[in-house]
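Residues per chain, in single letters:
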Amino acid sequence: MLAVERHLKIVDFINMNKSARVSELSKMFSVTEETIRRDLEKLEKKGKLLRSHGGAVVVQSSDKIETSFSEREVTNVLEKSLIAEEAIKLIKENNKIILDASSTAWYMAKKIPNIPLTVMTNSIKVAMELNEKSNITVISTGGTLLSKSLSFVGSLAESSFDLYHFDKAFISCSGMDIKKGLTESNEQQARIKEQIIKNVDEVNLMIDHTKLHKISFSKICDMSEIDYLITDKTIDDRLEQKCLEDEISVVYI
């Protein structure tokens, strides 16, 4: 089978099944796993799929559709895990913080030490993870549950943040652009993050390099609202200059 034909079949299979593992594709096409990894790398560059830890997942046909948590938690696993570890270094005992419903925030929840903290979140996954840590007080927003992301949105969730004021927020987003600022693929999630930003002293944005210079569906805020950008690769000169202008501290893993 020619490589071009194999590429087409790989994309068709992933679009149909939503995801695939390297080992699975290797057996299916009778080629080495290294060959499949090279195939996936080429297809990702063409925008045909998204590589994940050990495989690949489907690219959503519409940017307005929210990606399921199960897909996000296996995408760029190493980068998200290391970004989460770096973000935790910014937390001090007795801080009152917000974690959003991103998969990176979930990695934070898994790794945060059991120290005195108050954490508010709209994520069921984050709340459940923190529930195992006796010294951490967890506040859930409530609201309308989105089954794909296992998170609460809507007017009740949004207004919940207005009842408190927090030291720090740790959020992610679908894209960040110099002109358009922070954007999110789902409008309801964008409104949640907008409310979070209004009620904290310090905003920490956690995104890997694939989100940089990307514009998604719904705007959250301008870049000037960010205090820290925590990312995995050195940013380019234009973005570095914008961060300097907006007094954003850039932290690398």
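That block above? That's the structure.
The structure displayed is predicted, hence computed values, not measured ones. The residue numbers shown here count from 1 along each chain, following its written sequence. It should be noted that, the model being predicted, local features are given only for residues of pLDDT at least 70 and side-chain atom pairs only at 80 or more, the latter also being counted only at that level, while totals for whole chains, interfaces and linings use all residues. Derived side-chain values reflect all non-hydrogen atoms in the structure, with water molecules and hydrogen atoms excluded from consideration.

### What to know about the packing of helix α1 (residues 3–17) against helix α2 (residues 22–29)
Stage number 1. Put simply, α1 and α2 touch, their axes get as near as 12 Å, and they point 130° apart. Regarding the angle of α1 to α2, the classification is oblique. Seen along the crossing, α1 lies across α2 with a hand that is right-handed. Within the contact between the two elements, α1 uses Arg 6, Lys 9, Ile 10 and Phe 13 and α2 uses Glu 24, Leu 25, Met 28 and Phe 29. Under this scheme, a helix contributes an axis fitted over its contacting stretch, all axes are lines through C-alpha atoms, and angles between N-to-C directions fall in the 0 to 180 degree range. A run of H or I in DSSP counts as a helix once it spans at least four residues, and a run of E counts as a strand once it spans at least two, with each numbered from the N terminus. For classification purposes, an angle smaller than 35 degrees is called roughly parallel, one larger than 145 roughly antiparallel, one from 65 to 115 roughly perpendicular, and anything else oblique. Two helices cross in a left-handed way if the nearer one is turned anticlockwise from the farther one by less than a right angle. They cross in a right-handed way if the turn is clockwise. Contact definition: two residues touch when any of their heavy atoms are within 4.5 Å.

### Re the sheet that holds strand β13 (residues 218–221)
Stage number 1. Note: two strands are recorded as paired if DSSP finds a minimum of 2 bridges between them. Here we have three strands laid out as an open sheet, ordered β10-β11-β13, and antiparallel in their pairing. Either end of the sheet is taken by a strand with one partner, and the two such strands are β10 (175–177) and β13. The sheet shows a mean angle of 35° between the axes of neighbouring strands, direction not considered.
Stage number 2. Most of the contacts of helix α9 (residues 187–198) go to β13, to which it runs at about 10°, and overall it touches β11 (181–184) and β13.

### Here's the deal with the nonpolar core
Stage number 1. The biggest cluster of nonpolar side chains holds 32 residues, and the ones touching the most others in it are Ile 98, Ile 171, Met 176, Leu 182, Leu 205, Met 223 and Leu 229.
Stage number 2. Elements with a minimum of two residues in this core: β8 (151–153), β9 (166–171), α9, β12 (200–206), β13 and α10 (237–245).
Stage number 3. The leading source of residues in this core is α9, at four residues.
Stage number 4. Among residues more than four places away in sequence, those in contact with Ile 171 are Asp 100, Leu 182, Ile 196, Ile 197, Val 203, Asn 204, Leu 205 and Met 206. Here, nonpolar core refers to any group of buried Ala, Val, Leu, Ile, Met, Phe, Trp, Tyr and Cys residues whose side-chain atoms link them within 4.5 Å. Relative accessibility under 20% of the residue-type maximum defines a buried residue, over 50% an exposed one, and the middle range a partly exposed one, all with a 1.4 Å probe and only protein chains included.

### Section: the sheet that holds strand β1 (residues 19–21)
Stage number 1. The antiparallel open sheet is built from three strands, whose spatial order is β1-β3-β2. The open sheet has two edge strands with one neighbour each: β1 and β2 (49–52). On average, each strand axis in the sheet is inclined to that of its neighbour by 20°, with strand direction left out of account.
Stage number 2. When β1 meets strand β3 (residues 55–58), the two strands line up antiparallel, connected through three bridges. Considered in β3, the bridge of Arg 21 is made with Gly 55.
Stage number 3. Set on the sheet, helix α3 (residues 33–45) makes contact with β2 and β3; between it and β2 the angle comes to about 135°.

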